[in-house]
Amino acid sequence: MKQSIRLGTLGGIPIGVNWSVLLILALIAWELATYVLPAQAGSATGADWIAGALGALALLISLLVHEVSHAVVAKRNDVRVRSITLFVFGGVTQLEGQAHTPGADFRIAAVGPATSVVLAGFFAATEAVVQRASVHGLAVATLSWLWGVNLVLAAFNLIPAAPLDGGRVLRAGLWRHSGDRNRASVIAARFGRGFGGALIAFGLLGLLYSGVVGLWFVLIGYFLYSGARAEEQFARASGAVESLRVIRVMNPRPLAVPRNTTVPDLVARYLWNYRGDALAVTDENGFLAGVVTAEAVMAVPAHRRSETRLVDIAVPLAAVPLARPDGPMGDLLERMMSHDGNPALVLDAENRLVGIVSIADIQRATTLVGGAPFWGTRHR
Ligand SMILES: [Zn+2]
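Residues numbered from 1 in each chain as written. Predicted model: local features only at pLDDT ≥ 70, side-chain atom pairs only at ≥ 80, totals over all residues. Heavy atoms only, no water.

S.K.: Report on a nonpolar patch on the surface, specifying residues and quantitative values.
M.R.: Together, Ile-50, Leu-54, Leu-57, Ile-61 and Val-65 make up a nonpolar patch on the protein surface, roughly 460 Å² of accessible area in all. Relative to the helices and strands, Val-65 is located in helix α2 (residues 45-76). With a relative accessible area of 35%, Val-65 lands in the partly exposed category. (Patch = residues over 30% accessible without salt bridge, like charges linked within 9 Å, V, L, I, M, F, W, Y side chains within 5 Å. Areas by Shrake-Rupley, 256 points an atom, 1.4 Å probe, with all protein chains shown as cover. Salt bridge = Lys/Arg side-chain N within 4 Å of Asp/Glu carboxyl O. Helix = DSSP H or I, 4+ residues; strand = E, 2+ residues; numbered from the N terminus. Buried < 20%, exposed > 50% of the residue type's maximum accessible area, 1.4 Å probe, protein only.)

In structure tokens:
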């Protein structure tokens, strides 16, 4: 949730709004107030602006209710919810781990569009009541716009392209049919990439022929395309390494460095002979305190290196997945992904550090598994 504004928590789930939503809501309020509402209700401008702002706010709440419905059903199906972030055409409910069955996968996805349809029905019914009471035409016009938008949201989210809800529904169906979740994910993600790519192409054509509206499609297309690509990569890696033990994948010679070490000290004393992508940091008593990635070290600008200590760039222990060497790699990969891809520390039965698993280690293992037939298994 790096680019999002924290709104608060609901039932222990942090809720954020992507900055783009606020910009777009302001645009929607403006468009409602200056074009949509005057055309339908022909009223005064001051009232138009209030109705436009209320309409945009009701849309934000509709998006939130849609996402919360995913979260509630996920919790009921024993999948923990990490956070909810609202985007323009819905939002992202980040789950910790995955649905355990195709049925749960289907329910968690399908409830979102169903909720949007119910919301559309609610706004349409309210419109009918308001119309009968012959209240000001502005309220009718705003409600009429709201149910239309919720129906469009439901329809858009049902397109069978991951990461949209319809893509999840497709995945659940394929999963039930084949019994292979990762394969189903890859297919749903390919649909997502195709659809995202088509939206980008459509938006670029739009830019040529009808101006800035096209940019809108390019942005949504890019968002979908990159989300689908990440899902496909995750499903592929997961399919390759999930049958392995952590010990096969981990870096078995982990480095642990005191957290007060400065970056130049780290480089001079440790990094020249270290090939891992992540290292553990320890506190003053020698206890594990977190991890530092090579990426975080490289991101420190040259002029700030001498004043930067590892504690300043470390991921704290609370956000680091822990594993046992004989644990299943599939489970660890899931936990790493739900912790923003943070590296994992591998501890033995006495809780001594025996390994580190980074995303690069998983990529390496994925390549090794893919290359395995060249080393003899094919001829057996
Ligand atoms: Zn949804």
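S.K.: Quick rundown of the packing of helix α7 (residues 213-241) against helix α12 (residues 329-337)? Include the residues and the values.
M.R.: Their axes nearest at 8 Å, the elements α7 and α12 cross at an angle of 155°. Judged on the interaxial angle alone, α12 and α7 are roughly antiparallel. Of the two possible hands of crossing, α7 and α12 adopt the one that is right-handed. Residues Phe-234, Ala-237, Ser-238 and Val-241 of α7 form the contact with α12, whose own contacting residues are Met-329, Gly-330, Leu-333, Glu-334 and Met-337. In terms of residue class, the contact of α7 with α12 is made up of six nonpolar, two polar and one charged. (Axes fitted to C-alpha atoms, helices over the stretch in contact; angles between N-to-C directions. Parallel < 35°, antiparallel > 145°, perpendicular 65-115°, else oblique. Left-handed = near helix turned anticlockwise from the far one by under 90°. Contact = heavy atoms within 4.5 Å. Nonpolar A, V, L, I, M, F, W, Y, C, P; charged D, E, K, R; others polar.)

S.K.: Tell me what's going on with the pairing of strand β2 (residues 13-18), and back it up with residues and numbers.
M.R.: The element β2 is extensively covered by neighbouring structure, given that six of its six residues are classed as buried. Both faces of β2 are covered, namely the face carrying Ile-13, Ile-15 and Val-17 and the face carrying Pro-14, Gly-16 and Asn-18. Counting the residues in the hairpin turn of strand β1 (residues 4-10) and β2 gives two residues, including Gly-11, whose phi is positive at 60°. Summarising the sheet, β2 and strand β3 (residues 80-87) pair through three bridges and their orientation is parallel. Considered in β3, the bridge of Val-17 is made with Leu-86. (Pairing = 2+ DSSP bridges.)

S.K.: Summarise the coordination of the zinc ion; cite the residues concerned and give the values.
M.R.: Angles at a metal have ideal values that depend on geometry: 109.5 degrees with four tetrahedral donors, 90 or 180 degrees with six octahedral donors. Note on the zinc ion: its protein donors are His-66 (NE2), His-70 (NE2), Asp-165 (OD) and Asp-165 (OD). The metal-donor distances range over 2.0 to 2.7 Å. What the four donor atoms of the zinc ion show is an angle range of 54 to 151° at the metal, which sorts the shape as irregular. The motif formed by the donor residues of the zinc ion, counted along the single chain, is H-x3-H-x94-D. In this pair, His-66 and His-70 both sit in helix α2, four residues apart, roughly one turn of the helix. Comparing His-66 with His-70, the two get one shared label, buried. (Donors = N, O, S within 2.8 Å, 3.2 Å for Na, K, Ca; no water. Tetrahedral: all angles 85-135°; square planar, octahedral: opposite > 155°, others 65-115°.)

S.K.: Before we move on, could you go through the pairing of strand β7 (residues 288-293) and cite the residues and values that matter?
M.R.: The pairing of strand β6 (residues 278-282) with β7 spans five bridges and is classified as antiparallel. Within the sheet, the bridge partner assigned to Thr-282 lies in β7 and is Leu-288. What sits between β6 and β7 in their antiparallel hairpin is a turn of five residues, with Gly-286 showing a positive phi close to 85°. In terms of strand pairing, β7 meets strand β8 (residues 315-316) through two bridges, oriented antiparallel. Residue Val-291 lies in a different strand from β8, and its bridge partner there is Val-315.

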